[in-house]
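Structure assessment
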Amino acid sequence: MKEEKELFRSQFNESLKRFKDENIIKILCGVRRCGKSTILKTYRLELLSMGIKEENMVMRKYTAMEYQDDFDNKAMYDDLISAINAADKTQKVYLLLDEVQEINGWEKCINSLYESHNVDIYLTGSNSKLLSSEISTYLTGRFVLIPVYTLSFEEFIEFKNTYVSSLANVSKDELFGLYLHSGGFPFIAKTNHTQEENYQVVDGIYSTVVTRDISKRHNISNLEMFNRVVRFILENLGKNFSVKTIFDFFKSQHRSIAIETIYNYIAWLEEAFIIYCCPRYDIQGKEVLKTQEKYYLSDISFKYSQLGFSPKAIASVLENIVYLELRRRGFTVYLGKSGDKEIDFVATKKDEKIYVQVCRTLPEDSDRELGNLKIIKDNYPKYVVTMDSSVCGNEEGIKIVHIKDFLTQKNL
């Protein structure tokens with residue numbers, strides 16, 4: 001009990017509690033090994049504390065051996081109906097179903113239970129099957145997606161302090177160095193392995209997603225070319241490029257690939273939560289642009305596991321970390337364009353908006369970082385996020401903050 005409470009990620013528990021007993025299916029979605037299963041387990045403890053009886057909570061993990069081979073959606077339905085019938089009829093039954101995409105036709109089973117039984121349904125999933133067209137066909141308007149990301153820096157600190165006793169008194173600066181070098185997968189934060197060992201484990205996740213979740217599902221015949229496209233994205237992390245850019249690059253290498261194939265590869269990587277697309281937004285024209293977007297990784301350790309850690313890539317990695325933090329906080333994130341000036345991020349949430357520039361150090365000629373923000377005349381918060389502690393402060397209303405402080409700041 002104590003250990004599971006220590007693994008608790010409160011923001012997700014609060015999200016699930018807000019939708020408890022509402023007539024809507026709750027779906028936790030995110031890249032493999034980002035912590036969805038643990039969130040489901042700890043939410044079960046929360047339900048117990050609310051007085052829900054043990055027999056009225058049905059928990060299944062569909063990656064377990066007993067659900068492999070010929071276990072189909074009919075077997076899934078029969079198993080869950082049996083558990084529902086054995087529950088206390090005076091209470092609702094709570095279905096906590098982990099990695100449902102492993103069962104072919106799972107959405108038909110869930111839809112049938114949703115329509116015919118007094119159940120509250122919680123699902124997790126981590127690949128393209130979960131967000132494919134089938135879910136729209138069977139569950140239209142009946143579900144809410146709750147995105148799950150790898151650990152924030154604040155969560156990373158909590159995990160290290162809890163599970164790695166040798167780091168209990170380490171400074172925030174040192175912990176940020178670890179976070180920068182190792183990423184935010186929970187299993188990494190719980191251990192004290194070497195960087196190389198961490199990257200080996202992440203490579204295993206990457207290989208599982210690419211080999212099983214993407215290539216097999218979509219019958220990719222040229223896996224070598226697919227891996228080359230992924231490598232191009234990794235090498236150009238934080239840079240503006242288009243599908244045409246990738247096409248022209250391979251053409252220059254005398255490699256033939258159709259533009260439509262590149263579009264498909266990128267879409268499948270997004271669906272599998274390996275990458276996120278960040279579109280451009282014209283601040284003056286107030287419209288989303290359809291060219292020269294950027295792509296960010298669901299965790300920076302994917303880059304390290306495939307290309308190794310490089311100090312030269314830190315600027316783009318910092319951008320990736322800030323992008324994910326803004327997404328975790330519920331912002332919709334864009335690349336900003338104001339005339340011929342670029343803003344790293346324009347982040348919006350209901351009536352909130354913030355502007356963020358990210359740089360490793362603030363150069364003496366800081367026109368891009370500060371000047372680009374100064375031309376924006378509205379009163380929304382403006383930040384320059386850096387690793388340079390010596391320049392932190394406030395200039396004409398622009399907050400210059402160290403990235404470790406930006407990531408742990410309660411309100412942006």
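Note that the coordinates shown come from a computational prediction; the quantities given were computed from them, not determined experimentally.

The secondary structure content of the protein chain amounts to 17 helices and 13 strands. Relative to its length of 412 residues, the protein chain is compact, with a C-alpha radius of gyration of 23 Å against a globular reference of 22 Å. Considered along the principal axes of its C-alpha atoms, the protein chain spans approximately 70 × 55 × 45 Å. Per-residue burial over the protein chain gives 52% buried out of 412 residues. Look at the contacts in the protein chain between residues 6 or more apart in sequence, and 69% of them connect residues 24 or more apart. On the protein chain, roughly 18800 Å² of surface is accessible, and the fraction owed to carbon and sulfur atoms is 47%. Distance between charge centres in the protein chain, computed from 55 positive and 58 negative side chains, equals 1 Å.

Attention now moves to the layout of surface pockets. Here the largest pocket defines a volume of roughly 850 Å³. What lines the largest pocket is a set of 33 residues, and nearest its centre among them are Q11, F12, R328, R329 and G330. Elements represented by at least two residues in the lining of the largest pocket include exactly helix 2 (10–18), strand 5 (143–147), helix 7 (153–163), helix 15 (314–328) and helix 17 (403–408). In terms of residue count, the dominant contributor to the lining of the largest pocket is helix 2 (6 residues). Roughly 510 Å³ of internal volume is contained in the second largest pocket.

The next thing to look at is the packing of aromatic side chains. Considering all chains together, one arrives at 27 aromatic pairs under this definition. Between Y67 and F71 the ring centres are 4.9 Å apart and the planes differ by 75°, which places this aromatic pair in the edge-to-face class. Its relative accessible area of 16% is what places F71 among the buried residues. One aromatic cluster in this structure is built from Y149, Y276, Y296, Y323 and F345. When the ring centre of F187 is taken as reference, the NZ or CZ atom of R33 above it lies at 4.6 Å.

Turning to the packing of helix 12 (residues 243–252) against helix 13 (residues 259–271), a few remarks are in order. Contact geometry for helix 12 and helix 13: axes closest at 9 Å, N-to-C directions at 120°. In terms of their interaxial angle, helix 12 and helix 13 are classed as oblique. Seen along the crossing, helix 12 lies across helix 13 with a hand that is right-handed. Facing helix 12, whose interface residues are V243, K244, I246 and F247, helix 13 presents I259, I262, Y263 and I266.

Moving on, we get to the sheet that holds strand 5. As summarised here, the arrangement of the 5 strands in space is 2-3-4-1-5, forming an open sheet in which the pairing is parallel. Pairing within the sheet leaves two strands with one partner each, and these edge strands are strand 2 (57–61) and strand 5. For this sheet the average axis-to-axis angle between neighbouring strands, irrespective of direction, equals 15°. Bridge analysis of strand 3 (residues 93–98) against strand 4 (residues 119–125) gives 5 bridges, and the strand direction is parallel. Bridge pairing links L96 to Y122 in strand 4. The sheet contacts of helix 5 (residues 106–116) involve strand 1 (25–29), strand 3 and strand 4, and relative to strand 4 the element is tilted by about 160°.

We now examine the nonpolar core. Looking at soluble globular proteins, one finds that nonpolar side chains tend to be buried together. Formed by 92 residues in total, the largest nonpolar core has its most connected members in F302, V322, L326, F345, V356 and F406. Core analysis: the next-biggest nonpolar cluster, separate from the first, contains 26 residues, Y62, V100, Y114 and V119 among them.

Next up on the list: the sheet that holds strand 8 (residues 332–338). Read from one edge of the open sheet, 8 strands run 7-6-8-9-10-11-13-12, paired in mixed fashion. Each edge of the open sheet is held by one strand with a lone partner, namely strand 7 (287–297) and strand 12 (393–395). The mean angle between the axes of side-by-side strands here comes to 30°, regardless of whether they run parallel or antiparallel. With 6 bridges joining them, strand 8 and strand 9 (residues 341–349) adopt antiparallel strand pairing. Bridging across to strand 9, T332 finds its partner in T348.

About the cut-offs
- Residues numbered from 1 in each chain as written.
- Predicted model: local features only at pLDDT ≥ 70, side-chain atom pairs only at ≥ 80, totals over all residues.
- Heavy atoms only, no water.
- Helix = DSSP H or I, 4+ residues; strand = E, 2+ residues; numbered from the N terminus.
- Rg over C-alpha atoms; globule rule 2.2 N^0.38 Å.
- Buried < 20%, exposed > 50% of the residue type's maximum accessible area, 1.4 Å probe, protein only.
- Contact = heavy atoms within 4.5 Å.
- Areas by Shrake-Rupley, 256 points an atom, 1.4 Å probe, with all protein chains shown as cover.
- Lys, Arg positive; Asp, Glu negative; His and termini not counted.
- Charge placed at Lys NZ, Arg CZ, Asp CG, Glu CD.
- 1 Å grid on protein atoms, 1.4 Å probe; cavity = no way out; pocket = protein on both sides within 12 Å on 5 of 7 lines; lining within 4 Å.
- Points joined across faces, edges and corners; volume = space filled by probe spheres on them.
- Phe/Tyr/Trp six-rings, centres within 6.5 Å; stacked < 30°, edge-to-face > 60°.
- Lys NZ or Arg CZ within 6 Å of the ring centre and 35° of its normal.
- Axes fitted to C-alpha atoms, helices over the stretch in contact; angles between N-to-C directions.
- Parallel < 35°, antiparallel > 145°, perpendicular 65-115°, else oblique.
- Left-handed = near helix turned anticlockwise from the far one by under 90°.
- Pairing = 2+ DSSP bridges.
- Core = buried A, V, L, I, M, F, W, Y, C linked by side-chain atoms within 4.5 Å.

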